[in-house]
Structure formats: structure tokens, C-alpha cells
Amino acid sequence: MSGAEAKAEITLPPLPYADNALEPHIDATTMKTHHDYHHGGYTKKFSGAFDKLLAHAALKSLADKGVAAVVNTDSLEAIRKVDRGLAGALQNNGGGWINHTLFWNNMAPSGNGGGGEPTGALAEAINGKFGDFASFKAKFASEGMTRFGSGWVWLVKNQDGLALYSTPNQDGPHNNPGETALLGLDVWEHAYYLKYKNRRDSYIDAWWNVVNWPEVQKRYDSAQ
Ligand code: MN3
């Protein structure tokens, strides 16, 4: 892939459902603002930062590896040695672009793809790692509640199996080559404040009703 081809991937993907499709758990105004303006902003700024990367003779070959490879920890460290500001812009906006692209697809309307419990091999892996589904949910929610400030909670697959952790700001599994993000939860205030105000716990409780387990299962299967 050329750097220019990689850059062409940086567009704002449309929401895979209507703004109000996740009501009452996530309200239409939050969805529209979050997608159009927050994700839209990350897309525009990531695209601009990627142009700057392509203009750096010493760094542009990194872009040939693809969009995700630019924001892994090793690439960001190499970029930081040459241009600290650019590394920060790629880390924050590239991460924001990748994380939100995953997030919309991790959700579906409640009762129409969203909610319920995982099945099959993914359910077995979750039960094997966390004991049972309720314990997994409790640990996931606890990661979300203890993430100070802005960030994300992740269920990932790596060489050791499943792992669960939170990251600050727009960091995420894309920083770690060899890890596949299965499920991500945005715990930035912009994801819930209009409806839930300071009640992050209520937002997380409600969010389980719109988790798209078939999509998570698909990601788990393709990471085998
Ligand atoms: Mn967000």
C-alpha cells in the first residue's frame, strides 16, 4: 500500500443505523453530536496530520504500512523523535478515528442485534477467563468507573487469549500490534453527559442493552 492509498481510507464512516436507533439507552442528540462533530473532528484532524506525515521525507515510509500501523506504539515513538507535535496529533486523532469507527459497529438497536449475551466460542472464552457473564460485566463496568478523566474500556484478544483493560484519552488496542479489539466502550463525558450528566454508572448499565454481540463474536472469530 502507498501512503496516499492509506490516507484515502481516512473518511468519516456513516452510522450503521439512524441517530435515534439506540434510544432510550443512547439518545439521538448524543449520537448525532458524537458522530458528526466528535468523530468528524477526529477524521479531519487525522487526515491533516497524515498529510504532514507524508510530507516528512524521513517518516513517510511509515504511512505505507497502513493507517493503523501509524498509531502503534513503535511508530509513534519513531515519529516523536522527529516531530513531537505530529506524534501527538496522530496519537490523539488517529486513535479517535479508529476507536469511534469500532464503537458504532460495536452497538446495534436493542432487540435488533443489540443486547443479550454472547454465545458460542466467545461466551466460552469469556466464562473461562472471567467466571461468568455477570462477572465479566462487573469487571468491565469497574474498569469504566475507575478510568479517571476521559478514556475507553476494552475487551481484546491477544496471544494469551482475552484481556480487559482501560486506556486514557484516545489510546486503545491499536497501539499494541498483535492485539485485536473486540469490544470498546467510550467513557468520555461527551458519550453520555447530555442524557446521564455525571452518572457514568447509569450510562454503562444502559449500554449493555445495545452491545452488538454478533459483531463482537465476528471479530473474535476472525482473530483466531
Ligand atoms: Mn467519543
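Since the structure is predicted, the reported quantities are computational estimates derived from the model, not experimental observations.

1. A word on the packing of aromatic side chains
For the structure on display, the rule yields 17 aromatic pairs. Between Phe-46 and Phe-50 the ring centres are 5.9 Å apart and the planes differ by 85 degrees, which places this aromatic pair in the edge-to-face class. Of this pair, Phe-46 and Phe-50 both sit in helix α2 (residues 28-54), 4 residues apart, which is roughly one turn of that helix. Residue class for Phe-46 comes out buried when judged on its relative accessible area of 0%. Note on Phe-50: relative accessible area 0%, which makes it buried. Cluster of aromatic residues (ring-pair linked, three or more members): Phe-130, Phe-133, Phe-136, Phe-140, Trp-207, Trp-208 and Trp-213. Against the face of Tyr-196 rests Lys-195, its NZ or CZ located 5.6 Å from the ring centre.

2. Concerning the coordination of the manganese ion
Protein-derived ligands of the manganese ion are His-34 (NE2), His-100 (NE2), Asp-186 (OD) and His-190 (NE2), with the metal-ligand distances lying across 2.0 to 2.2 Å. As a motif over one chain, the donors of the manganese ion read H-x65-H-x85-D-x3-H. Comparing Asp-186 with His-190 shows no difference in burial state: the two are buried.

3. With respect to the nonpolar core
Met-107, Phe-136, Phe-140, Leu-183, Trp-207 and Trp-213 are the most contacted members of the largest nonpolar core, which has 46 residues in total. Aside from chain neighbours lying at most four places away, what touches Trp-213 is Gly-113, Gly-115, Gly-116, Glu-117, Pro-118, Leu-122, Ile-126, Phe-133, Phe-136, Leu-183 and Trp-208. Of all hydrophobic cores here, the second largest spans 19 residues; its members include Ala-6, Phe-50, Val-71 and Ile-98.

4. What to know about the side chain of Asn-93
Position of Asn-93 relative to the elements: it lies in helix α6 (residues 84-105). Given the relative accessible area of 11%, Asn-93 is considered buried. Residues contacting Asn-93, with those up to four places away along its chain left out, are Tyr-42, Lys-45 and Phe-46.

5. Regarding the sheet that holds strand β2 (residues 161-168)
Sheet architecture is open: 3 strands sit in the order β2-β1-β3, paired in antiparallel fashion. Each of the sheet's edge strands pairs with one partner strand only, and the pair in question is β2 and β3 (180-186). Adjacent strand axes in the sheet meet at a mean angle of 20 degrees, parallel and antiparallel pairs treated alike. Note: strand β1 (residues 151-158) against β2, 8 bridges, orientation antiparallel. Within β2, the residue paired with Trp-154 across the bridge is Tyr-165. The sheet strands contacting α6 are β1 and β3, and the helix crosses β3 at an angle near 85 degrees.

6. Some remarks on the packing of helix α7 (residues 120-130) against helix α11 (residues 213-222)
The description of two helices packed together rests on the angle between their axes and the distance between the axes. Remark: α7 packs on α11, axes separated minimally by 9 Å, with the N-to-C direction vectors making an angle of 85 degrees. Taken together, the axes of α7 and α11 are roughly perpendicular relative to one another. Across the interface between the two elements, Gly-120, Ala-121, Leu-122, Ala-125 and Ile-126 from α7 touch Trp-213, Val-216, Gln-217 and Tyr-220 from α11. Looking at the contact of α7 with α11, its residues break down into 7 nonpolar, 2 polar and no charged.

The rules behind the values
Residues numbered from 1 in each chain as written. Predicted model: local features only at pLDDT ≥ 70, side-chain atom pairs only at ≥ 80, totals over all residues. Heavy atoms only, no water. Phe/Tyr/Trp six-rings, centres within 6.5 Å; stacked < 30°, edge-to-face > 60°. Helix = DSSP H or I, 4+ residues; strand = E, 2+ residues; numbered from the N terminus. Buried < 20%, exposed > 50% of the residue type's maximum accessible area, 1.4 Å probe, protein only. Lys NZ or Arg CZ within 6 Å of the ring centre and 35° of its normal. Donors = N, O, S within 2.8 Å, 3.2 Å for Na, K, Ca; no water. Core = buried A, V, L, I, M, F, W, Y, C linked by side-chain atoms within 4.5 Å. Contact = heavy atoms within 4.5 Å. Pairing = 2+ DSSP bridges. Axes fitted to C-alpha atoms, helices over the stretch in contact; angles between N-to-C directions. Parallel < 35°, antiparallel > 145°, perpendicular 65-115°, else oblique. Nonpolar A, V, L, I, M, F, W, Y, C, P; charged D, E, K, R; others polar.

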